[in-house]
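# Examining the three-dimensional arrangement
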Amino acid sequence: MSIVRHLSLVLLMLWATLSPAYAYIDGGSAHLLIQGLIAAAVGALYYLRNPKEIWNAIKRRWKRDRS
């Protein structure tokens, strides 16, 4: 699919669901979301700095003897 089609589908879905969301985020949920975002950012940063090392570690783990 082209990027224009993806974008138009996303915009259509957003337009079709326009309504107030009468909800709130309590303190525990907010901290969980923030912690997840920080962990994802640090993980992505670490991966982008040395992807070959991580990929080789994953391959070594799967190739080791499992007996």
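Another aspect to go through is the overall build of the protein chain. Of the regular secondary structure elements, the protein chain holds 3 helices and 0 strands. Listing every helix and strand of the protein chain by position from the N terminus yields α-α-α. For 67 residues, the compact-globule estimate of 2.2 N^0.38 gives 11 Å, and the C-alpha radius of gyration of the protein chain, at 20 Å, exceeds that figure by more than 25%. Projecting the C-alpha coordinates of the protein chain onto the three principal axes gives extents of approximately 55 × 40 × 30 Å. Across the 67 residues of the protein chain, 1% fall into the buried class. Approximately 6800 Å² of the protein chain is accessible, and the part contributed by carbon and sulfur atoms is 69%.

A packed helix pair is summarised by two numbers, namely the angle formed by the two axes and the spacing between the axes. Running from N to C, helix α2 (residues 27–49) and helix α3 (residues 51–63) cross one another at 95°; their axes reach a closest spacing of 5 Å. Classified by the interaxial angle, the pair formed by α2 and α3 is roughly perpendicular. Of α3, the residues touching α2 (which contributes Tyr46, Tyr47, Leu48 and Arg49) are Pro51, Glu53 and Ile54. Classifying every residue of the contact of α2 with α3 gives 5 nonpolar, no polar and 2 charged.

Here is what the cut-offs are and how they apply
In every chain, residue numbers begin from 1 and rise along the written sequence. In view of the model being predicted, local features appear only for residues whose pLDDT reaches at least 70, and side-chain atom pairs are presented and counted only at 80 or more, with totals across whole chains, interfaces and linings using the full set of residues. Water and hydrogen atoms play no part in the side-chain values, which are based on all heavy atoms of the structure. A run of H or I in DSSP becomes a helix once it reaches four residues, and a run of E becomes a strand once it reaches two; helices and strands are each numbered from the N terminus. Here the globule rule reads 2.2 Å times residues to the power 0.38, and the radius of gyration is calculated from C-alpha atoms. Three labels apply to residues, based on accessible area from a 1.4 Å probe with only protein chains included: buried if under 20% of the type maximum, exposed if over 50%, partly exposed otherwise in between. All accessible areas in this document rest on Shrake-Rupley with a 1.4 Å probe, and a residue is counted as covered only by the protein chains that are shown. Helix axes use the C-alpha atoms of the stretch in contact, all axes being lines fitted to C-alpha atoms, and the angles between their N-to-C directions lie in the range 0 to 180 degrees. Throughout, the term roughly parallel applies to angles under 35 degrees, roughly antiparallel to angles over 145, roughly perpendicular to angles from 65 to 115, and oblique to all others. Whether two residues are in contact is decided by their heavy atoms: any pair within 4.5 Å suffices. Three residue categories are used. Nonpolar comprises Ala, Val, Leu, Ile, Met, Phe, Trp, Tyr, Cys and Pro, charged comprises Asp, Glu, Lys and Arg, and polar comprises the others, including Gly.

Interpretation in functional terms is not warranted from these geometric data alone.
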